[in-house]
Amino acid sequence: MNALTPSNGGCRTAPVLKERGQREVFCGLTGIIWLHRKMQDAFFLVVGSRTCAHLLQSAAGVMIFAEPRFGTAILEETDLAGMKDAQVEIDREVARLLERRPDIRQLFLVGSCPSEVIKIDLAKAAERLSQIHAPHVRVLNYSGSGIETTFTEGEDACLACMVPVLKSTAARELLVVGALPDVVEDQMLSLLADMGIGPVRLLPARRIDDTTAVGPNTVFALVQPFLGETHAALERRGARYLPAPFPFGDEGTTAWLRAIATEFGVSEETFDAVTAAPRARARKAIAQAAEVLRGKSVFFFPDSQLEIPLARFLTRECGMTAIEVGSPYIHDTLHGPDLDLLPAGPQISEGQDVDKQLDRARAARPDLTICGLGLANPLEAEGLSTKWAIELVFTPVHFYEQAGDLAGLFSRPLRRKAVLHLEAAE
Ligand code: SF4
């Protein structure tokens, strides 16, 4: 099978500007917003403050019409002052919740800044509560704390905490890792099934799932580039990673599928027969949506950890030029295949020193800046077009059928600006 060729040398060996200054990021609790939709029998109990509760409620306001699958056990001043036994309080809250909600099969105790500051041992609580509520409910814990994290690390921490409790298997299976919207996941499963690849297991599964197991014959593919901890946890369980570009756009999706197809011995004829029609649709949709992007420049602030694969998509499939591609972390095993394909030229930066990076963006005056919410408004006020990185994890953007929408997310701010200029000129 043909491999994709690196573009004029690629960026894998390009010098990386390492920044360790102030960062502008959301915390890992944000991941609960998409994880609670994905895992239909799970509940996320944040042990945190009123600030944490407000963040979740405002970000997930839609949930008021449904039976919620997340909540906050609020630490009051007496807890923070160590005047109450937090472990007893947590036991009581959990017992009350599980009595009321027999549909809950997995309970995540999610740590926050306040619970970490006062050092509440949520691992101990999860272990004790698992024993009390087993076998009906499995209790796990992870941290969503905002200190020195990015908002996508919440999903990574959640999935990583599930890996040690997955059943062991000796079977040769494909495990696909990362939360996708159901409709996108179904498209992916159908492509893999049409190639005869299986069994395919998912992490996270939609429901607590005895069939998701791991062992020395498991091979796994990631659908999100921010799952470094989960990747390490799976390797510790003996599973083998299939490195590939991430499935964004026609090229990324094809390369991702090809890595799996090669592993499972799928013939080129079968691969082409399965992918030809959706590839053609993806190319057409991208071409339409990307018209306005061609020849434009883009600057990525580090935020979602999707920056490198998206820069690859925007440069190679949408005709943009990348000025700087900033990522909170660069993990060679995970990001290397996308860096190989990213045309040489942009400054690659890891971490953040926000003031210095803002100076670079202002000097470069990119046509489009991808950044966090906190930076977008000031940059818009200075006349730069921006795209909020967080939208990229809330919108279905993976695989062929979403490739046009992905390009559309980036072209919309530029179209809007063009319309506004037109109106101003009239
Ligand atoms: S975990 Fe920390 S950063 Fe996140 S909402 Fe709570 S206090 Fe704020």
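Not measured: the values here are computed from a predicted model. (Residues numbered from 1 in each chain as written. Predicted model: local features only at pLDDT ≥ 70, side-chain atom pairs only at ≥ 80, totals over all residues.)

A. Quick look at the site of the ligand. In the vicinity of the ligand, the contacting residues are Cys 27, Leu 29, Gly 48, Ser 49, Thr 51, Cys 52, Leu 55, Ser 112, Cys 113, Gly 144, Ser 145 and Gly 146. With 3 residues, helix H2 (residues 50–59) is the largest single contributor of residues to the shell around the ligand. Along the lines of polarity and charge, the residues of the shell around the ligand split into 5 nonpolar, 7 polar and no charged. (Near = placed C-beta within 6 Å. Helix = DSSP H or I, 4+ residues; strand = E, 2+ residues; numbered from the N terminus. Nonpolar A, V, L, I, M, F, W, Y, C, P; charged D, E, K, R; others polar.)

B. Representation of the sheet that holds strand S2 (residues 42–48) within the structure. The 4 strands lie next to each other as S3-S2-S4-S5, forming an open sheet whose pairing is parallel. Taken across any chain shown, the strands that pair with only one partner, and hence form the sheet edges, are strand S3 (70–74) and strand S5 (138–143). Averaged over all neighbouring strand pairs, the angle between strand axes comes to 25 degrees, with direction disregarded. Note: S2 against strand S4 (residues 106–111), 6 bridges, orientation parallel. Across the sheet, the residue bridging to Phe 44 is Phe 108, located in S4. Contacting S2, S3 and S4, helix H1 (residues 31–38) crosses the sheet at an angle of about 155 degrees to S2. (Pairing = 2+ DSSP bridges. Axes fitted to C-alpha atoms, helices over the stretch in contact; angles between N-to-C directions. Contact = placed C-beta atoms within 7 Å.)

C. Structural view of the nonpolar core. Counting 121 residues, the largest nonpolar core has Phe 44, Leu 45, Val 47, Phe 108, Val 110 and Leu 314 as its most contacted members. Contacts of Leu 45, omitting those with residues within four sequence positions, involve Gly 71, Ala 73, Val 94, Leu 97, Leu 107, Phe 108, Leu 109 and Val 110. (Core = buried A, V, L, I, M, F, W, Y, C linked by C-beta atoms within 7 Å. Buried ≥ 20, exposed ≤ 12 C-beta atoms within 10 Å, placed from the backbone.)

D. Just the sheet that holds strand S10 (residues 218–222), in detail. Ordered by their spatial adjacency, 4 strands build an open sheet running S8-S7-S10-S11, and the pairing between neighbours is parallel. Two strands bound the open sheet, and with one partner strand each, they are strand S8 (200–203) and strand S11 (240–241). Pairing of strand S7 (residues 173–177) with S8, which is carried by 4 bridges, proceeds in the parallel orientation. Among the inter-strand pairings, Val 176 is bridged to a residue of S8, identified as Leu 202.

E. Focus on the pairing of strand S15 (residues 368–371). Of the two faces of S15, the one holding Leu 368 and Ile 370 and the one holding Thr 369 and Cys 371 are both buried throughout. By the bridge criterion, 3 bridges tie strand S12 (residues 297–300) to S15 in an arrangement that is parallel. Each residue of the ladder has a partner; that of Phe 300, found in S15, is Ile 370. Relative to strand S16 (residues 386–388), S15 runs parallel, the two being bridged by 3 bridges. The residue bridging Cys 371 from the neighbouring strand is Trp 388, located in S16.

F. The arrangement of the packing of H1 against helix H7 (residues 153–162) in detail. Running from N to C, H1 and H7 point in directions that differ by 45 degrees, and their axes come no closer than 8 Å. Overall, the two elements H1 and H7 adopt an arrangement that is oblique. Crossing angle aside, the handedness with which H1 passes H7 is right-handed. On H7, the residues that touch Gly 31, Ile 32 and Leu 35 of H1 are Gly 154, Glu 155 and Cys 158. Of the residues belonging to the contact of H1 with H7, the class tally is 3 nonpolar, 2 polar and 1 charged. (Parallel < 35°, antiparallel > 145°, perpendicular 65-115°, else oblique. Left-handed = near helix turned anticlockwise from the far one by under 90°.)

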